[in-house]
Amino acid sequence: EAGVVQSPRYKIIEKKQPVAFWCNPISGHNTLYWYLQNLGQGPELLIRYENEEAVDDSQLPKDRFSAERLKGVDSTLKIQPAELGDSAVYLCASSPGQGKDLSGNTIYFGEGSWLTVV
Amino acid sequence: RKEVEQDPGPFNVPEGATVAFNCTYSNSASQSFFWYRQDCRKEPKLLMSVYSSGNEDGRFTAQLNRASQYISLLIRDSKLSDSATYLCVVNTGFQKLVFGTGTRLLVSP
């Protein structure tokens, strides 16, 4: 079974430029997450989707970050304009969703998109 | 106070040693708990869930103490391949998963 797929794996851009990341979750997973991970830190949630609905975007810096999951499957995360401090790993993850047993809370991560802003 | 706190380490241990990590959480209503492992430049992967009665998986033992709001991970007979960062993860409710900063383990020959 295919895991969570993300692209691009690596991206280097100049500050003030836009960047977009794409994520394809595990088939059948209703919940999709975007996390930000800085070096030496744990992942921090940016946004969580239940199907196509963003149910938790409280940590998403909405002045420059946007995300969508139009058909409840793939998702994109965009940054415009990028700042130097946005250099980090952007991790997409998915899980089966609410209403499941404990194992349903297990989330599976993609390999991440490594962003460097110069 | 952070929702989930861990000692970042690194913990340097020789092969064969037993090592334990603790993690504390602030939300007493937290529902479920996990340990994830993250290798250098890789994504986090589930190591084990943590159950109220404690659970064991081979050389790994996880414990939960709800009264004191901490969870622990014990690794026996450490292997070189155990070198990684161990992330404590707490479900604070409604599928909101909060990660600790991770504890780095280095196992040396």
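Preceding this section is the structure that the text describes.
Here is a short report on the structure shown in this document. (Residues numbered from 1 in each chain as written. Chains lettered and ligands numbered in written order. Predicted model: local features only at pLDDT ≥ 70, side-chain atom pairs only at ≥ 80, totals over all residues. Heavy atoms only, no water.)

Our next topic: the state of the cysteines. By the definition in use, this model includes two disulfides over all chains. The disulfide partner of Cys-23 of chain A is Cys-92 of chain A, and the gap between their sulfur atoms is 1.9 Å. Note on the Cys-23 of chain A and Cys-92 of chain A pair: the S-S dihedral is about -70°, so by sign convention the disulfide is left-handed. Residue Cys-23 of chain A is found in strand 3 (residues 19-24), and its partner Cys-92 of chain A is found in strand 9 (residues 88-95); the two are separated by 69 residues along the sequence. In this pair, the class of Cys-23 of chain A matches that of Cys-92 of chain A, namely buried. Paired by a disulfide, Cys-23 of chain B and Cys-88 of chain B hold their sulfur atoms 1.9 Å apart. Its S-S torsion of about -70° marks the bond between Cys-23 of chain B and Cys-88 of chain B as left-handed, since a negative value means left-handed. With Cys-23 of chain B in strand 3 (residues 19-25) and Cys-88 of chain B in strand 9 (residues 84-91), this pair connects stretches of sequence that are 65 residues apart. (Disulfide = S-S within 2.5 Å. Helix = DSSP H or I, 4+ residues; strand = E, 2+ residues; numbered from the N terminus. Buried < 20%, exposed > 50% of the residue type's maximum accessible area, 1.4 Å probe, protein only.)

Interface size is commonly expressed as the accessible surface area that is lost when the partners come together. The interface is formed by 23 residues belonging to chain A together with 20 residues belonging to chain B. Regarding the contact of chain A and chain B, the summed buried area is about 1800 Å², with carbon and sulfur atoms giving 53% of it. At the boundary of chain A and chain B, one finds zero salt bridges. Of all the elements in the fold, those that place two or more residues in the side of chain A that touches chain B are strand 4 (31-37) and strand 9 of chain A. The element contributing the most residues to the side of chain A that touches chain B is strand 4 of chain A, with three residues. For the side of chain A that touches chain B, the class distribution of residues is nine nonpolar, 11 polar and three charged. (Contact = heavy atoms within 4.5 Å. Buried area = accessible area lost by both parts, 1.4 Å probe. Salt bridge = Lys/Arg side-chain N within 4 Å of Asp/Glu carboxyl O. Nonpolar A, V, L, I, M, F, W, Y, C, P; charged D, E, K, R; others polar.)

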